[in-house]
Structure formats: C-alpha cells, structure tokens
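Next come the chains, spelled out residue by residue.
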Amino acid sequence: MNVYTPYAQILRDRGFAGIRVRKVALNGGFTCPNLDGSKGRGGCTYCDNRSFSPVAGSRSVPILNQLDQGISYFKVKCRTERFIAYFQTFSGTYASIPRLRDLYLQAMSHPEVVGISISTRPDCINAEVVDLLEELGKKFFLTLELGLQSSFDETLHRVNRLHTFDDFARAMDLCSGRGFDLCVHVILGLPGESSGHYRHTASSLNQWSYHSVKIHPLHVVKGTVLASQHARGEYNPLECGEYIEGLVDFLERVPASVGVQRFTADAPPEMLVAPQWCRDKAGVLNAMKKEFQRRGSRQGFLV
Ligand code: SF4
C-alpha cells in the first residue's frame, strides 16, 4: 500500500485512467495585487515568478502557441498523451471576467488539452470569479490552486504575503462544492516556523473538502528579498532531514483522499541559491517514504 496518495490517482478518478497527462505551464499575462500596487509593490519576500514557472511562455505569445510549444516539448521528453493547461504565472484569476473567460476557453479549445488548472491568491477570488469557474467546471476538468503557504498571519506578514488566513477561509468557503477541484499550496520552512506550525496549518485545512495539495520547502532564489536575508545570515533554509519530518507531520494530517501534486521545490539550478537538496525529487520521495515506514504511519494517519 502506498504511504501517500499520488496525484495520478486523482486523475485516474477523474477519467484519465491509463492516459499520460501532464501540465503545460502558461503565461496568461496576469500580474499580482502584491506587485502592481493595488496591495503592494515588493511582492512576497521569496518571489521571483520566473523560478516558479521556468518553462511557461512569454506573455506576448498567444495561449494556443504557448500550448503548441509546451506540448511538443513534453511529447518528446515524456511521451505524454494529454495535457492540462496550467495558468501558473502570477495570479491566474486577477483580471476581468470577460478576459478570464476568453483565456480559459482559448486554452480548452486546443484539441490535446483535457482540462485547465489555475493558480491564484486567495484575495483574487470573488463571487463572480467562482461563478465563472463553476460554469466552466461543468464543461471540462478544472482545478483551482489557492496559495495559502501558512495558516499563521504573523508568518504571512513576515514574508509580505499581504493576505491573511481569513482571506483564504473566505475563498475556500466560496469555492467549496461548486463542482471544480481545489488544490492548496503550502510552504514549509517559512521564517519563524517549525513543526508545530506545519501541523496546525495541515489540520486547519480539514474544515474544507479539497482534492490535492502542493507542498515544498522554502527555497532561496537569486535576486529576491529572501536572498538578501540569507546572505546576511537572517534566514537559513531547512536541512533535508528537518523538511522530511515536517512533510510527514503535515501529510499525516491530510486526508488520504487528497492527491499530492508536489512534495519538493522545482527551481532552475541557475536561479537557486539554497537549499540544493530540494532539487533531488527522487531523494526527497525516498526519504519521505522511509520516514512514513519508520513511524508506521501514512498520509491521513492523524486526521
Ligand atoms: S502572490 Fe505569488 S506572484 Fe504575487 S508576489 Fe507573492 S509569490 Fe509573487
């Protein structure tokens, strides 16, 4: 028996059994309220969006062309058969409703795209956006990915997220039961946090039903505020062993029905300052499995 639920299992349940499905990161030309001045201009202290989606296209390239490029790449590299259009850069619901509808429908018009996934901030969700997602979610497979990072407002303030846990709770309340999938994105190793914080964040999610989770260690990327703090010795990333313990603590509190989309970071080597171990996906996966086995537990063991 698997000690965690791979996201592939969720995709199988959604009708993609036996089909290789891969996300293609897209640049929808969005910005973010924490960058354009409506909430702030500095962004989160760790933010360099190029490191989150290094393979996403340029905002000047039409969505269908970005999809063609990404699909050609993955067909050769991974022999993938079908694709999810992934609006990953910045805040993927931060635009007018007509523009969002047009972008999402353009992506879905591609013959090899079987669904869309949209990454956004909790404060970029409102009733009109949710109505649109519900309408589109009746036509195709749609996942909304909400960035929480931590359930602690003091942590969110420390990394300049400029939203609160209440914002996230409001977004989850609005989105719950509306017919599309929900993914929650969290980061372990945020400044000032330790295992007790991770356990609390994981448990706080269980007041809602959600379908997948993305977890990764906070990693330092060149040119960010966090990189300056790291250079001054004000921030030290987690050691691999600390992360594995925190990750397993977290997943023990995540229901087994939730698929794990990510369990480590994905920064390009030329941009990553530290920790270098976070790029070793196989190593992190093995260490996570071993820690579950050592504890005699599994995902959802403490829900
Ligand atoms: S919310 Fe995302 S895009 Fe906006 S500043 Fe933070 S990390 Fe960057």
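Check the entry above for the structure.
Residues numbered from 1 in each chain as written. Predicted model: local features only at pLDDT ≥ 70, side-chain atom pairs only at ≥ 80, totals over all residues. Heavy atoms only, no water.

Enquirer: Which parts of the structure should I look at to understand the nonpolar core?
Expert: For soluble globular proteins, nonpolar side chains are generally found buried alongside one another. Counting 70 residues, the largest nonpolar core has Tyr104 and Phe250 as the members making the most contacts within it. Core analysis: the second largest hydrophobic core is formed by 10 residues, Cys44, Ile187, Leu190 and Tyr235 among them. (Core = buried A, V, L, I, M, F, W, Y, C linked by side-chain atoms within 4.5 Å. Buried < 20%, exposed > 50% of the residue type's maximum accessible area, 1.4 Å probe, protein only.)

Enquirer: Explanation requested: the side chain of Ser119 in the structure shown.
Expert: Checked against the element boundaries, Ser119 lands in strand S3 (residues 113-120). If we ignore the near neighbours within four places in the chain, the residues touching Ser119 are Tyr86, Phe87, Gln88, Phe90, Ser91, Gly92 and Glu145. (Helix = DSSP H or I, 4+ residues; strand = E, 2+ residues; numbered from the N terminus. Contact = heavy atoms within 4.5 Å.)

Enquirer: Whenever I open this one, the sheet that holds strand S6 (residues 212-217) confuses me. Can you help?
Expert: The strands that make up a sheet are held in pairs by hydrogen bonds between backbone atoms, and each pair lies either parallel or antiparallel. Strand order in the open sheet formed by seven strands is S1-S2-S3-S4-S5-S6-S8, with parallel pairing between adjacent strands. The open sheet has two free edges, formed respectively by strand S1 (21-26) and strand S8 (259-262), since each of these has just one partner strand. Averaged over neighbouring strand pairs, the angle between their axes works out to 25° when direction is ignored. With respect to the sheet, helix H10 (residues 240-251) is in contact with strand S5 (181-188), S6 and S8, its orientation differing from that of S6 by roughly 160°. (Pairing = 2+ DSSP bridges. Axes fitted to C-alpha atoms, helices over the stretch in contact; angles between N-to-C directions.)

Enquirer: Got a minute to help me understand the environment of Phe83 in this structure?
Expert: Note on placement: Phe83 falls in strand S2 (residues 82-87). Between the C-alpha atoms of Phe83 and Ser109, which are 26 residues apart in sequence, the distance is 12 Å. Leave out the neighbours within four places in its chain, and Phe83 touches Arg22, Val24, Ile71, Phe74, Lys75, Glu112, Val113, Val114 and Gly115.

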